[in-house]
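Coordinate analysis (summary)
Listed below are the residues making up each chain.
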Amino acid sequence: MSNFLNNLKSNLEGKNVKIVFPEGTDQRILTAAVELAATTYVDPIVLGNKEAIQELANEENLDLSGVELIDPRVCEYKEDLAAAFVERRKGKVTQEQAVDILNDANYFGTMLVYNNHAAGLVSGAVHSTPDTVRPALQIIKTKPGVSRTSGVFFMLREDELYVMGDCAINPELNADELAEVAVETAKTARSFKIEPRVALLSFSTRGSAKTEETEKVRLATQYAKENLPDTPIDGELQFDAAFVPSVAEKKAPGSELEGRANVFVFPSLEAGNIGYKIAQRLGGFEAYGPILQGLNQPVNDLSRGCSKDEVFNLALFTATQALTQNNG
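In what follows, the accompanying structure is described. Residue positions are counted from 1 within each chain, in the order its sequence is given. In keeping with the model being predicted, local features are shown solely for residues with a pLDDT of at least 70 and side-chain atom pairs are shown and tallied solely at 80 or more, while totals for entire chains, interfaces and linings include all residues. Calculation of side-chain values draws on the structure's entire complement of heavy atoms; hydrogens and water are dropped beforehand.

**Examining the pattern of salt bridges**
- Salt bridge, as applied in this entry: a Lys or Arg side-chain nitrogen positioned within 4 Å of an Asp or Glu carboxyl oxygen. Per the counting criterion, the structure on display carries 13 salt bridges.
- Across the pair Lys-251 and Asp-240 runs a salt bridge whose closest N-O atoms are separated by 3.1 Å. Note that Lys-251 is positioned in helix H11 (residues 245-251) and Asp-240 in helix H10 (residues 239-243), a separation of 11 residues in sequence.
- Each of Glu-35, Lys-308 and Asp-309 takes part in a single network of salt bridges with overlapping partners. Put simply, DSSP H or I for four residues or longer makes a helix, DSSP E for two residues or longer makes a strand, and each gets a number counted from the N terminus.

As structure tokens, then:
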């Protein structure tokens, strides 16, 4: 196992961070929750029909003694959560409507995070990204000064570690929005004790092509530098100019990255999603994420093709985010 994952576990030792899992009748989720309950990293809260969850546990020979189970439909404090939801939605829903909405495990779980019954949420094994993200945007919302959430992947191969974003949420970004993603991605990297060296990527390096798309990246780089003047940031750069020192010398002489970027910001979701999957499938990198950034409290989205180990590891990332935000 990599030093990075070992360090995550070491930092979480004894913290017992409460993470809620809305998809309790999924075998991968339940198995990961039981494994997490055997650690001191995370105290899992699993949502769903308790009889159905127990039946699955029996089939899989899982011991649920360390797992907190909550059925959103019959929870004793659901009315209180519904009242808090009405207040948070500024009266856009009635109490009766709120009770019905909270039958949805993602909404219920997000309210547990909002009310500090849990520190973070992991969903997406059987739900789409919008199903996971929409309740977070309505309830937890983005941090002051952040206009949107975005999704990054931590790409790990042995002890090589890179951060890539936005690879999950925003199909198109203007220069201001792209700069914001770059700044938030740098902050995310730093919160995981990675000193960021940020490249804003394009098909052009330093004006080698001049189009509306390259100008957007150039402006975004300028804005990001203004927001984080002490962080090495450069763009617009082709990937080789950002990553290969000898190429950087030729294509981007004087770049403060010197071809040693470790945080890569893509100009669009299309590019980002393709890029991280190429690194994962051809490059042999493990992809951890998407880690959602910019929210007041952590909510993270699994791939529906995830494994039990990916559920376990995303919970570690989510718990680390929670600790960092609480300490910050």
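**Considerations on unusual backbone geometry**
- With an omega dihedral of -20°, the bond running from Gly-165 to Asp-166 counts as a cis peptide bond.
- With omega at 5°, the peptide bond leading from Gly-289 into Pro-290 counts as cis.
- The topology assignment puts Pro-290 in strand E10 (residues 286-293).
- A positive phi angle, close to 45°, is found at Asn-16, a residue other than glycine.
- Relative to the helices and strands, Asn-16 resides in the loop between helix H1 (3-12) and strand E1 (17-21).
- On the accessibility criterion, Asn-16 (31% relative accessible area) is partly exposed.
- With phi around 55°, Glu-158 is a residue other than glycine that occupies positive phi space.
- Here Glu-158 shows up in the loop between strand E5 (150-157) and strand E6 (160-165).
- Buried means the residue's accessible area, taken with a 1.4 Å probe over protein chains only, is under 20% of the maximum for its type, while exposed means over 50%, and partly exposed covers the values in between. On the basis of relative accessibility, which here comes to 71%, the residue Glu-158 falls in the exposed class.

**As for the environment of Thr-31**
- With respect to the element layout, Thr-31 can be found in helix H2 (residues 27-37).
- Judged by relative accessible area, which is 12%, Thr-31 ranks as buried.
- The spatial distance from the C-alpha of Thr-31 to the C-alpha of Glu-195 is 34 Å, given a sequence separation of 164 residues.
- When residues no more than four places from it in sequence are discounted, the contact partners of Thr-31 are Leu-62 and Lys-308. Throughout, a residue-residue contact means that at least one pair of heavy atoms, one from each residue, lies within 4.5 Å.

**Digging into the packing of aromatic side chains**
- Here the aromatic set is Phe, Tyr and Trp, taking the six-membered ring for Trp, and pairing holds for ring centres within 6.5 Å; pairs whose planes are under 30 degrees apart are stacked, those over 60 apart are edge-to-face, and all others are tilted. If you walk through the whole model with that rule in mind, you get 15 aromatic pairs.
- Here the aromatic rings of Phe-85 and Tyr-107 are separated by 6.0 Å at their centres, their planes lie at 85°, and the arrangement is edge-to-face. Here the residue Phe-85 occupies a position in helix H4 (residues 78-88), and Tyr-107 occupies one in helix H6 (residues 105-114), the gap between them amounting to 22 residues. With respect to class, Phe-85 is no different from Tyr-107; both count as buried.
- Through a chain of ring-to-ring contacts, three or more aromatic side chains come together here, namely Phe-4, Phe-154, Phe-192, Tyr-288 and Phe-317.

**Some words on a negative patch on the surface**
- In this analysis, a patch consists of residues with relative accessible area above 30% that form no salt bridge, clustered at 9 Å for like charges and at 5 Å for the nonpolar side chains Val, Leu, Ile, Met, Phe, Trp and Tyr. Areas reported here follow the Shrake-Rupley algorithm with a probe of radius 1.4 Å; residue values treat only the protein chains shown as occluding. Within this scheme the basic residues Lys and Arg register as positive and the acidic residues Asp and Glu register as negative, but His and the chain ends are omitted. Charged side chains are reduced to one point each, which is NZ for Lys, CZ for Arg, CG for Asp and CD for Glu. Taken together, Glu-51, Glu-55, Glu-59 and Glu-60 make up a surface patch of like negative charges.
- Structurally, Glu-55 can be placed in helix H3 (residues 50-60).
- When its relative accessible area of 48% is taken as the criterion, Glu-55 is described as partly exposed.

**Some thoughts on a nonpolar patch on the surface**
- Side chains of Ile-274, Ile-278 and Leu-282 sit close together on the surface and give an oily, nonpolar patch of about 340 Å² of accessible area.
- Along the chain, the position of Ile-274 falls in helix H12 (residues 269-281).

**Considering the side chain of Thr-149**
- With respect to the helices and strands, the residue Thr-149 is situated in the loop between helix H7 (129-140) and E5.
- We classify Thr-149 as buried; its relative accessible area is 3%.
- Among the polar contacts made by the side chain of Thr-149, one reaches the main-chain carbonyl oxygen of Gln-293 at a distance of 2.7 Å. Nitrogen and oxygen atoms within 3.5 Å of one another constitute a polar contact, given that in protein one can donate a hydrogen and the other can accept it, and given that sequence-neighbouring residues count only through two side-chain atoms.

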